[in-house]
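Here are the chains, one letter per residue:
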Protein chains: 2
Amino acid sequence: MKYKALTGLAALVPLAACTNKAQQPNIVFFLVDDFGWVDSSVQYGEELYPNNLRFNTPNMQRLSERSTVFGSAYACAVSTPTRTSIMTGMNAAHTRITNWTSAYKDIPSDATGGGFWMSDNKSSGDAAAGDVLGRPDWNLNGISPVEGVPHTQYANSLVQYLKDAGYFTIHVGKAHWASAGTPGVNAYNHGFCVNVAGTMAGMPRDYSGMDNYGNTKERWNEFAVQNLVEYYGTPTHLTDALTSEALKTLDYPIRHRQPFYLYLASYATHTPIQADERFAQKYRDAGMDEGQAAYASLVEGVDASLGRVLDFLDAKGIADNTVIIFMTDNGGNSENKQKGGVLHTQNKPLREGKGSNYEGGIRVPLMICWPGKNRICRCDVPVICEDMFPTILDIAGIKDYRTVQDLDGQSILPLVTGKGEGPSPDRPLVFHYPHKWKPYDLVDIDFLSAVRVGDWKLVYRIIDGALAVSAPTPGERSEAAARAIELYNLKDDLGEEHNVAADYPDIARRLADTLSAKLRRWDAVMPIVLSTGAQAPLPDQLVLE
Amino acid sequence: MKYKALTGLAALVPLAACTNKAQQPNIVFFLVDDFGWVDSSVQYGEELYPNNLRFNTPNMQRLSERSTVFGSAYACAVSTPTRTSIMTGMNAAHTRITNWTSAYKDIPSDATGGGFWMSDNKSSGDAAAGDVLGRPDWNLNGISPVEGVPHTQYANSLVQYLKDAGYFTIHVGKAHWASAGTPGVNAYNHGFCVNVAGTMAGMPRDYSGMDNYGNTKERWNEFAVQNLVEYYGTPTHLTDALTSEALKTLDYPIRHRQPFYLYLASYATHTPIQADERFAQKYRDAGMDEGQAAYASLVEGVDASLGRVLDFLDAKGIADNTVIIFMTDNGGNSENKQKGGVLHTQNKPLREGKGSNYEGGIRVPLMICWPGKNRICRCDVPVICEDMFPTILDIAGIKDYRTVQDLDGQSILPLVTGKGEGPSPDRPLVFHYPHKWKPYDLVDIDFLSAVRVGDWKLVYRIIDGALAVSAPTPGERSEAAARAIELYNLKDDLGEEHNVAADYPDIARRLADTLSAKLRRWDAVMPIVLSTGAQAPLPDQLVLE
């Protein structure tokens, strides 16, 4: 009878090719929030930078020594687009989920809230004295596992395929795929068997158990963290509480030898930057200001969480059959005074930070550890968050699946194992943020698109692109067009300090064409040019001199 | 390899005897809240009473036709003690969890809150002109799966054994076993693989998705229901939302042929009595007042939830291998104006309601359906909530388990299947509520203990017992002692209208001895007699004339 039941099981797996369960590795996706490329002692770049030296992250270090460390891994500039790209395998310009989702549905998160955004200060550079762009018509409710929900991208989720193939699928932490009141906000609808604390919240109301993670009459808002009632009134830090819950949920699949997928998405190191007092004092003693020390303590809390997971896998004797993916949802936040230090420098040598399509906003930590399979220690081939969908299914041995959406990502497993063909180093990677981030202008963050091809990167300043087709005089239009396109060679100029568009017009034109073709093919959303009511132009629509 | 893995699995089950998984039935425990013995069209009594006729519950009816219907099933008088007795197999007097747990730890829920209760009006009957009793030192933080937590009962939970034996264990709805800030409040610590919405809350802040189940800035308190963000801003009733989530969580075990234990504990029909507008109008049209109609609509919502579960099991083809236990946590609430009708009559023919150890507070609906195994349609052997622990393990085929606690319950499965020996009809069942329920006095609710033996039931009025040892004059003491002990013959007097203690002093003495012996053996908590500082006497300590 036992054997018969097992045979029956295989028949119940509809979408995946039959796999030998013993060959299905466990997968832990450890996703950190707002955690920058130089925010740990792990060397992702070609050298250790001064910023790396501020952090104490021994467990990340320990993981890096067993992993393929990616030096040119990319996410989107903000949270939701990365998370939905992981879930769907689609580029954010393709899902049209290009900004984070609001807590409640149908409310744009674009700065200044509902209705069209009107610049309340000034626009890009010194070009715009008035309002230039209006909010694009994006999928502001996020992803949806069912068709027909307004302003969502309907897609099959990565997790559903894992579950269909026999994985016990666990969500712990920050979800932030969709707004409350829609099916997409519910992890169970995406194929998770368990959900702890995943909601519409893109940040925690409070990191401290002493404040019930924001669940008090005085402090409650929609970002109060759910499911952690055990720790109310205790000093348990949110990162630690989530880790404890994650390890508890692993008990069932480990006992029953079910492969598991644990998506452990820390709320840290997102704002509010509240010190984790387990770790903060040594950073203060080292001379950091309070914000820096608090941030470094949040980072070390994440590191400790990773350490608990690694220790647990070791103790259970399953580390050898568990793949660990360590990644961040976007670049470090370099625009928040809570974090201390000097604004816009925290990601140096990278330019800018979260929200921006300069490298500081999108280049992120990525490590993949598959014991016994890692053949490559370090990889500088550019990879991107939507690659996670096919990569994870590749790791799970799930093939021949069909999705309602067209996938944009590619499996990067060959870059880990050295077997098979991975993505080309010259594959174009597209970044698209047609939004205004804050109520005040941030000229190196708002309304930027970008494409990377090999060592070249083009940044498209959409405001200037709009002025290039709408400014009153030919001279102004021409000047705007020139400002709209920036070209950098990342090999020589990682910090994107030297715009060489004028020196390499052919390369700039080729990348502008590539970016435009991708955005056009995906029917990507563009902001509205307020003076004309038309969509802002794609970069190949500009007349470049 | 597959076979080897399965052999290994059996080796991982430490506490339970090895069972053939194919023989392990699924178990659905459908626990309703504050739902009285006559609150449906199902006939639990010897006849259908007028109150039965007010409700439309076709799915309960449908289940009853396949079930063993228990006519003399008992719970405790309030929520937490029943729920913790189910989890531990212990009588509430034995766990010393005799009242409901507060949201936050170390806060007594006894009326008037912290510190000793001081009667703010008058005490029992006409005997007490002043304060008589103070709060007992009970386990006000509930149960705990770990030792050493102050004011808790440490115990192994029913659910842990099911999980150990291979069950996929799911909690959906109201937990209310323990206070926030303690390990016992976390369903994952009791052996649940999944928890949806179970917290320290003993009631929902709001039943309506339009109010986000209480998760709004204006309405939030600690009873706001967690985990239902999908339904925020929609008209989805809480009962329906919980049912949807429960069915989603069944997907994994059904696909993987894992036996499951679904504990679906509705927040309905607890206060607030908010109409479920899917059903309310027909009750209004039938002439009920608004409170009655609202309550009847909550009941019909629960019935619809049961119907969805039954339909789902049918549709999945697993109804034949699924045991359904339908029960309530205490008697119907007869003391809340929100509910409409005439107070203290809603459970007629039973006396009183929730909070009371008269029959209206403790006699509850119970049906057990095991397709192909039910041999008995109706059973009037008295059974009690702590029986659920051994009964459910009996159903699951789990034998030879050891618990840190001494069990008080017995398996009632023989009363369903007709095989083996079930509890004796003369087994003493003990009820103990040494608390004050409301800020005002409720003489037929506050401070009552009771024991049922066969058709006889003794009710012990603890206030009068205290006066019997502390009143100033011998005459007052003697009168109080006479009032303290009431005796009813339930066969002749289901409504407990005729105290026959004076007519059957030997029987009264025998039951008083039985109750006292049980309470003494369990070291049950008793209130403090304020005038002496001593614990209130047990009934056998009274000098009965």
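Moving on to the overall build of chain A. For chain A, the helix and strand inventory stands at 15 helices and 19 strands. Here the C-alpha radius of gyration of chain A, 23 Å, is about what a compact globule of 545 residues would show, namely 24 Å. Residue burial in chain A is summarised as follows: out of 545 residues, 67% are buried. In chain A, of all internal contacts separated by at least 6 residues, the share reaching a separation of at least 24 is 70%. On chain A, roughly 17,900 Å² of surface is accessible, and the fraction owed to carbon and sulfur atoms is 51%. Charge separation in chain A, taken as the distance between the mean sites of 50 positive and 63 negative side-chain charges, equals 7 Å.

With that settled, consider the sheet that holds strand β11 (residues 363-364) of chain B. All names here are of chain B. Strand order in the open sheet formed by 3 strands is β11-β3-β14, with mixed pairing between adjacent strands. Bordering the open sheet on either side are β11 and β14 (383-384), each of which pairs with just one other strand. By the bridge criterion, 2 bridges tie strand β3 (residues 73-74) to β11 in an arrangement that is antiparallel. Its bridge partner being in β11, A73 is matched across the sheet by V364.

All right, on to the relation of the copies chain A and chain B then. With an RMSD of 0.0 Å, chain A superimposes on chain B once it is rotated by 180° and translated 0.0 Å along the axis. Both copies of the chain, as the preceding transformation shows, are related through a two-fold rotation axis.

Residue and element names in this part refer to chain A. Summarising burial for strand β9 (residues 260-265): 6 of the 6 residues are buried, a large majority. Where burial is concerned, the two faces of β9 agree: the one with F260, L262 and L264 and the one with Y261, Y263 and A265 are both buried. With 6 bridges connecting them, strand β7 (residues 168-173) and β9 associate as parallel partners. Residue H171 lies in a different strand from β9, and its bridge partner there is Y263.

Let's shift gears to the packing of aromatic side chains. Residue and element names in this part refer to chain A. Within the structure shown, the criterion is met by 35 aromatic pairs over all chains. Members of the aromatic cluster, each reached through a chain of ring pairs, are F29, W177, F192, Y261 and Y263. Over the ring of W437 we find K438; its NZ or CZ atom is 4.3 Å from the centre of that ring.

What follows concerns the nonpolar core. Within the largest apolar cluster, 268 residues are counted, with the highest numbers of intra-cluster contacts made by A:Y261 and B:Y261. Setting aside residues no more than four positions away along its own chain, A:Y261 makes contact with A:I27, A:F29, A:L158, A:V159, A:L162, A:Y167, A:F168, A:T169, A:I170, A:F192 and A:I392.

A few words now on helix α14 (residues 474-484) of chain A. Residue and element names in this part refer to chain A. When we look at burial in α14, the residues that qualify are A480, A481 and A484. Here the buried residues of α14 occupy an arc of 105° about the axis, which is enough to place them on one side. Exposed positions of α14 whose direction lies more than 90 degrees from the buried face are E479 and A482.

Bringing the packing of helix α13 (residues 462-470) of chain B against helix α14 (residues 474-484) of chain B into the picture now. Residue and element names in this part refer to chain B. The N-to-C vectors of α13 and α14 enclose an angle of 155°; their axes lie 7 Å apart at closest approach. With respect to α14, the element α13 is oriented roughly antiparallel. Our pair here, α13 against α14, has a crossing hand that is left-handed. Here D464, G465, L467, A468, V469 and S470 of α13 come into contact with α14, specifically with R477, A480, A481, R483 and A484. Partitioned by chemical class, the residues of the contact of α13 with α14 number 6 nonpolar, 2 polar and 3 charged.

Analysis parameters
- Residues numbered from 1 in each chain as written.
- Chains lettered and ligands numbered in written order.
- Predicted model: local features only at pLDDT ≥ 70, side-chain atom pairs only at ≥ 80, totals over all residues.
- Heavy atoms only, no water.
- Helix = DSSP H or I, 4+ residues; strand = E, 2+ residues; numbered from the N terminus.
- Rg over C-alpha atoms; globule rule 2.2 N^0.38 Å.
- Buried < 20%, exposed > 50% of the residue type's maximum accessible area, 1.4 Å probe, protein only.
- Contact = heavy atoms within 4.5 Å.
- Areas by Shrake-Rupley, 256 points an atom, 1.4 Å probe, with all protein chains shown as cover.
- Lys, Arg positive; Asp, Glu negative; His and termini not counted.
- Charge placed at Lys NZ, Arg CZ, Asp CG, Glu CD.
- Pairing = 2+ DSSP bridges.
- Least-squares fit on C-alpha atoms with pLDDT ≥ 70 in both.
- Phe/Tyr/Trp six-rings, centres within 6.5 Å; stacked < 30°, edge-to-face > 60°.
- Lys NZ or Arg CZ within 6 Å of the ring centre and 35° of its normal.
- Core = buried A, V, L, I, M, F, W, Y, C linked by side-chain atoms within 4.5 Å.
- Arc of directions from axis to C-beta.
- Axes fitted to C-alpha atoms, helices over the stretch in contact; angles between N-to-C directions.
- Parallel < 35°, antiparallel > 145°, perpendicular 65-115°, else oblique.
- Left-handed = near helix turned anticlockwise from the far one by under 90°.
- Nonpolar A, V, L, I, M, F, W, Y, C, P; charged D, E, K, R; others polar.

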